[in-house]
Structure formats: structure tokens, C-alpha cells
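Observations on chain architecture
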Amino acid sequence: MRKHLKTLSFALLIIVAVSTCFELGLWQWHRAQGMAKLQKPQVERSVVELTKAANAGSNLRSAAFNRLVTFEAKFEKNYVAPNQLVTFVGGKQAREDVLVSLARLSDNRAVLVVRGLAARTYPATNNPVRINGRLYPRQNVDQAEGGVGKLSRLDPALVAGDAGFNLFDGYVVATGGELTAPQLLSQGGVFYWQHIAYVITWWFMGLLILSFPFYNRVKERIK
């Protein structure tokens, strides 16, 4: 009786261990597929008001990434962001210095807007204008050296003390000029293969555990 209980307990332990390895491998597989999906352009969603996609003073939600937005604002202060990778109408990409304006919405809220190349001349206006563009997450890596009137990266944290506005996280690349605003795709190719490696590892471990009882039998027969 004890021998049967011991055998049953061992069998259950094997089943649980193999099932766990399979589920962990499946979880990593789903994560790899999600990573692959992020590296492909997504179906374009409808244009929404910026205030419906994001909230000033809060971190940008992942659902707001790449969202086409529209809003009315007044340009308050201009900066130059050197060495930004931009996409021109027609698809050509290049590193250029761009003009970035702090655009003020109602209720003392503001957002960074990439308006175009810094070398261009932009008409001055004291009136609010309608801005259309794509909302991107803030940059975490410097693209150039900063300085007076220069932004080392597109990050509202760099201008937080300049005007006392309640800032939106991220930035908007305005459309309608010489620049386009393509979807920002994930550069997660390395992480994709990392997840695939975990899938192989977990399922291989499951096979090893599953083969363990047969190994013992073979070993006993050899003896």
C-alpha cells in the first residue's frame, strides 16, 4: 500500500512539474508574440482630442502611444532639439535640428510640439491655433548636447521649470508640414528572441522531467 502511494505521489509530482514547465513556456511564447506585434505598424485609430488621450501632470499611458491627436493651443516658447531623426513627406529619414514649441492649452496646461525643421521660418502669432499630430512617449536618451534654448532630447522634464505649466507627458510631432509622424515601432527584436529562448528552456526542462522515470527504469535494467 505504501509503495503504491509513493508511486502515485511521485507520478503526481512529475505531472505538476511538467505542467508548470509547459505553462511557463506558453507564457513566454505569448510574450514573444506580443513583442512581435509591437514591431509591426498597428491599425490606425481615429483622431481624438489630446485631452482625451492623455492627462497633464500624469505619466503617458501605453494606450496613448502613437495616437493621432488634435488640440487648440498657443505657442509660448521655442526651443531647438538638435540631431533628431525625422521622417520627411515621401518617406526619407535624416538627422536634423528641429523646432520644438511649448504649446499652451487651457487651464495652464502645455505640451511639447515638434513643428518642423529649425532652419525654417515660422509665422509669429499670438492667437491659439489648431494643431494636428501624433503623440509619442518622451525620449529617455539624449540625442545631442543641451544648452540655453536647446533640448538634448524630447522630454517635458527638461522644460518643467521654464514656465510653470502643468505639462503633458511625451511630445507631439505636428503634421501638415514637411515632416510626417509615422508610428513609433518597438525595437524589441532582442527581447523577442530572449523570450523564445525561455520557451525552449522551459519546455526542454519539462521533457527532462518527463523522461526522468524512464531513465531510472533503464538504469535499473542495466544494473
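The rules behind each value
Residues numbered from 1 in each chain as written. Predicted model: local features only at pLDDT ≥ 70, side-chain atom pairs only at ≥ 80, totals over all residues. Heavy atoms only, no water. pLDDT = per-residue confidence, 0-100. Helix = DSSP H or I, 4+ residues; strand = E, 2+ residues; numbered from the N terminus. Buried < 20%, exposed > 50% of the residue type's maximum accessible area, 1.4 Å probe, protein only. Pairing = 2+ DSSP bridges. Phe/Tyr/Trp six-rings, centres within 6.5 Å; stacked < 30°, edge-to-face > 60°. Contact = heavy atoms within 4.5 Å. Core = buried A, V, L, I, M, F, W, Y, C linked by side-chain atoms within 4.5 Å. Salt bridge = Lys/Arg side-chain N within 4 Å of Asp/Glu carboxyl O.

In regions of low pLDDT, the predicted coordinates are not meant to be interpreted in detail. On average, residues of the protein score 84 in pLDDT, and 81% of them are at 70 or above. Within the protein, no element has a lower average pLDDT than helix α4 (residues 189-222), which sits at 70, and none a higher one than strand β4 (residues 109-117), at 96.

Judged by how many residues are buried, β4 sits mostly within the fold: 9 of 9 residues are covered. Pairing of strand β3 (residues 93-104) with β4 involves 7 bridges; the strand directions are antiparallel. Paired with R104 across the bridge in β4 is A110. Hairpin connection between β3 and β4: a loop of 4 residues separates the two successive antiparallel strands, and D107 in this loop has a positive phi of roughly 60°. Summarising the sheet, β4 and strand β6 (residues 166-174) pair through 5 bridges and their orientation is parallel. Across the sheet, the residue bridging to L112 is Y171, located in β6.

A separate point is the packing of aromatic side chains. Applying the stated criterion to the full structure yields 2 aromatic pairs. Summarising the aromatic geometry, the rings of F22 and W203 are spaced 5.8 Å apart at their centres and angled 15° between planes, so their arrangement reads as stacked. Of the two residues, F22 sits in helix α1 (residues 2-38) while W203 sits in helix α4, which places them 181 residues apart along the sequence. Accessibility expressed as a relative area gives 43% for F22, which makes it partly exposed. Residue W203 is classed as partly exposed on the basis of its relative accessible area of 33%. Summarising the aromatic geometry, the rings of Y136 and Y171 are spaced 5.5 Å apart at their centres and angled 25° between planes, so their arrangement reads as stacked.

Residue position: T87 is located in strand β2 (residues 68-88). On the basis of relative accessibility, which here comes to 12%, the residue T87 falls in the buried class. Apart from the residues within four sequence positions on either side, T87 is in contact with K92, Q93, E178, L179, T180 and P182.

Ranked by size, the top nonpolar core spans 22 residues in total, and within it V100, L102, V114, V159 and Y171 carry the most contacts. Those elements giving two or more residues to this core turn out to be β2, β3, β4 and β6. In contact with V114, not counting residues within four places along its chain, are V98, L99, V100, L154, Y171, V172, V173 and A174. One finds A53, F71, A73 and I131 within the second-largest nonpolar core, a separate group that totals 20 residues.

Here we come to the pattern of salt bridges. What the rule picks out here adds up to 7 salt bridges. A salt bridge links E178 to R120; the nearest nitrogen and oxygen atoms lie 3.1 Å apart. Residue E178 is found in the loop between β6 and β7 (179-180), and its partner R120 is found in the loop between β4 and β5 (129-136); the two are separated by 58 residues along the sequence. Residue classification places R120 among the partly exposed positions, given a relative accessible area of 38%. Of the charged contacts, one joins R153 and D155 as a salt bridge, the two residues approaching to 3.1 Å between their closest N and O atoms. On the accessibility criterion, D155 (5% relative accessible area) is buried. Three or more residues joined by partner-sharing salt bridges are found here, namely D142, R153 and D155.

Next up on the list: the environment of F168. Tracing the sequence through the fold places F168 in strand β6. Considered as a pair, F168 and T51 are 117 residues apart in the sequence and their alpha carbons are 9.2 Å apart. In contact with F168, not counting residues within four places along its chain, are L50, T51, A54, N55, A56, L105, R109, A110, V111 and P156.

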